[in-house]
Every structure is written in structure tokens, then in C-alpha cells.
Amino acid sequence: MPRVALAVAVLAIYVYGLVDVIRTDRHLTRGFSKTTWIIMVALLPLIGAALWFLIGRPRASAVAQPVYQHHPTAPDDDPDFLRNLEQRRRKAEAERLRKLRDDAARKNQADGGPHRTGATGTTGTGSTGAAPGTASGSSDAGGPAAGEPGPRKPGAAGEANAEGNPEAK
């Protein structure tokens, strides 16, 4: 019976020492590295565990210092990430505007310039994009020149309408 009790005690010390080494933070081990302590306890069951408890185990006063990351965990809390994001957004916007200007310049060169007339079937519309025959507010829009009478509309003062009745002002 005493042999069994001795074997159980050695086994308990061995298992407890091995589990204790494994669960201990690698920064808190004393003497050797954590890997070295695991190997020592595994290969030398009673002596390794005893050495661990006497030399390698951290003291009760030693409290594990939390390891903080040097940057915020969420990207929206990281000022460097936000600054980089804003720079990338501005660069992309500038590139988009540059491409639009280049495309517009190429299109104007392909059309023969911004004030080309007669090629598309419209006359005198200029670059305003107004429909043919409509005034766009510019003097070269195909309307009457300044001082000339404009086109007469039915129902204007002094004219008869479709039924022949003169319309009053």
C-alpha cells in the first residue's frame, strides 16, 4: 500500500507540475524559457517538477502585466488608418476628375472643338446643347438679332385667333 501511495504522489506532482508549466505565461517563467521547463518536467518527472516549483515558477507577487497592442483594435479608432483612408479617398477623387477632364478634352478634339456647328444637323446652337430651333439665351442661338422683331405668335395683340376673333390684351 505505501508503494501505491508513493507512486500516486509522484504522478500527482508530475502532472500538476507539467500542467502548471503549460498554463504559466511565457513572460513570467524564471531561469529558463517556458519550452525548456516543459522539456525538463517531462523528461525528469520528480526532479523537473521540484525544480520548477523551487526555481522556475513565478513568485506570488509577480502579476502578469497585460500585453497591450500599440495600436487600437478597431480600424475606425486608429488615427493613422483614418488619415491614410482620407488620403486614398482624395487621391482617387483627383484621379477620377483628371480622367473626366482628359476624356472631355479628347471628345472636344475629336468633335473639332467646343463650338463646332453644322456637323450634327443643328445650326447655330453653339455648345449650349439646346434643341434645334429653340433659343438658349445666347445671341448666336439662331434667334433674331437684337432690335429685330421676333417671330409672331398666334393670339398676339392685334391679330386674330383661329376663329377669327381679335384677342384683347
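Above this text sits the structure in question.
Residues numbered from 1 in each chain as written. Predicted model: local features only at pLDDT ≥ 70, side-chain atom pairs only at ≥ 80, totals over all residues. Heavy atoms only, no water.

**Some thoughts on the nonpolar core**
- Residues Leu 18, Val 21, Trp 37, Met 40, Val 41 and Trp 52 constitute the largest nonpolar core, which totals six residues.
- Taken together, the elements giving at least two residues each to this core come down to helix H1 (2-23) and helix H2 (34-43).
- Examining the composition of this core, we find that three residues originate from one element, H2, more than from any other. (Core = buried A, V, L, I, M, F, W, Y, C linked by side-chain atoms within 4.5 Å. Buried < 20%, exposed > 50% of the residue type's maximum accessible area, 1.4 Å probe, protein only. Helix = DSSP H or I, 4+ residues; strand = E, 2+ residues; numbered from the N terminus.)

**Quick notes on the packing of H2 against helix H3 (residues 45-56)**
- At a minimum axis separation of 5 Å, H2 and H3 run at an interaxial angle of 140 degrees. Between H2 and H3, the crossing angle belongs to the class labelled oblique. Residues Trp 37, Met 40, Val 41, Ala 42 and Leu 43 of H2 lie in contact with H3, whose contacting residues are Pro 45, Gly 48, Ala 49, Leu 51, Trp 52, Ile 55 and Gly 56.
- Residues of the contact of H2 with H3, tallied by class, amount to ten nonpolar, two polar and no charged. (Axes fitted to C-alpha atoms, helices over the stretch in contact; angles between N-to-C directions. Parallel < 35°, antiparallel > 145°, perpendicular 65-115°, else oblique. Contact = heavy atoms within 4.5 Å. Nonpolar A, V, L, I, M, F, W, Y, C, P; charged D, E, K, R; others polar.)

**Points about the packing of aromatic side chains**
- Under the criterion given, the structure shown has three aromatic pairs.
- On the numbers, 5.5 Å between centres and 65 degrees between planes, the contact of Phe 32 with Trp 37 is edge-to-face.
- A residue is classified by how much of its surface remains accessible, and Phe 32, at 46% relative accessible area, is partly exposed.
- Its relative accessible area of 0% is what places Trp 37 among the buried residues.
- Each ring, one from Trp 37 and one from Trp 52, has its centre 5.5 Å from the other, and the planes form 70 degrees; the classification is edge-to-face. Of the two residues, Trp 37 sits in helix H2 while Trp 52 sits in helix H3, which places them 15 residues apart along the sequence.
- Taken together, Phe 32, Trp 37 and Trp 52 form an aromatic cluster joined through their ring pairs. (Phe/Tyr/Trp six-rings, centres within 6.5 Å; stacked < 30°, edge-to-face > 60°.)

**Focus: H3**
- Within H3, burial applies to Gly 48, Ala 49, Trp 52 and Gly 56. Buried positions in H3, seen along its axis, are confined to an arc of 95 degrees and lie on one side of it. Across from the buried face of H3, at angles greater than 90 degrees, the exposed residues are Ile 47 and Leu 54.
- Among the structural elements, H1 and H2 are those in contact with the buried residues of H3. (Arc of directions from axis to C-beta.)

**Section: the pattern of salt bridges**
- Counting across every chain of the model gives eight salt bridges.
- Two residues, Arg 98 and Glu 95, come together in a salt bridge whose shortest N-O distance is 2.4 Å. Remark: Glu 95 and Arg 98 occur in helix H4 (residues 79-111); sequence separation between them is three residues, near one turn of the helix.
- Owing to a relative accessible area of 34%, Glu 95 belongs among the partly exposed residues under this scheme.
- Where Asp 102 meets Arg 98, a salt bridge forms, and the shortest distance between an N and an O atom there is 2.8 Å. (Salt bridge = Lys/Arg side-chain N within 4 Å of Asp/Glu carboxyl O.)

**Remarks on the side chain of Thr 24**
- Mapped onto the elements of the fold, Thr 24 is located in the loop between H1 and H2.
- Under the relative-accessibility criterion, Thr 24 is labelled buried at 8%.
- A polar atom in the side chain of Thr 24 sits 2.5 Å from the backbone oxygen of Asp 20.
- For Thr 24, the residues in contact, after removing those within four places along its chain, are Thr 29, Lys 34, Trp 52 and Pro 58. (Polar contact = N/O pair within 3.5 Å; in protein donor to acceptor, adjacent residues only side chain to side chain.)

**Describing a nonpolar patch on the surface**
- Residues Leu 6, Val 10, Ile 13, Ile 39, Leu 43, Leu 44, Leu 46 and Ile 47 make up a contiguous nonpolar surface patch of about 740 Å² in total accessible area.
- Secondary-structure elements contributing two or more residues to the nonpolar patch are H1, H2 and H3.
- If you tally residues by element for the nonpolar patch, the top one is H1, at three residues.
- Structurally, Leu 43 can be placed in helix H2. (Patch = residues over 30% accessible without salt bridge, like charges linked within 9 Å, V, L, I, M, F, W, Y side chains within 5 Å. Areas by Shrake-Rupley, 256 points an atom, 1.4 Å probe, with all protein chains shown as cover.)

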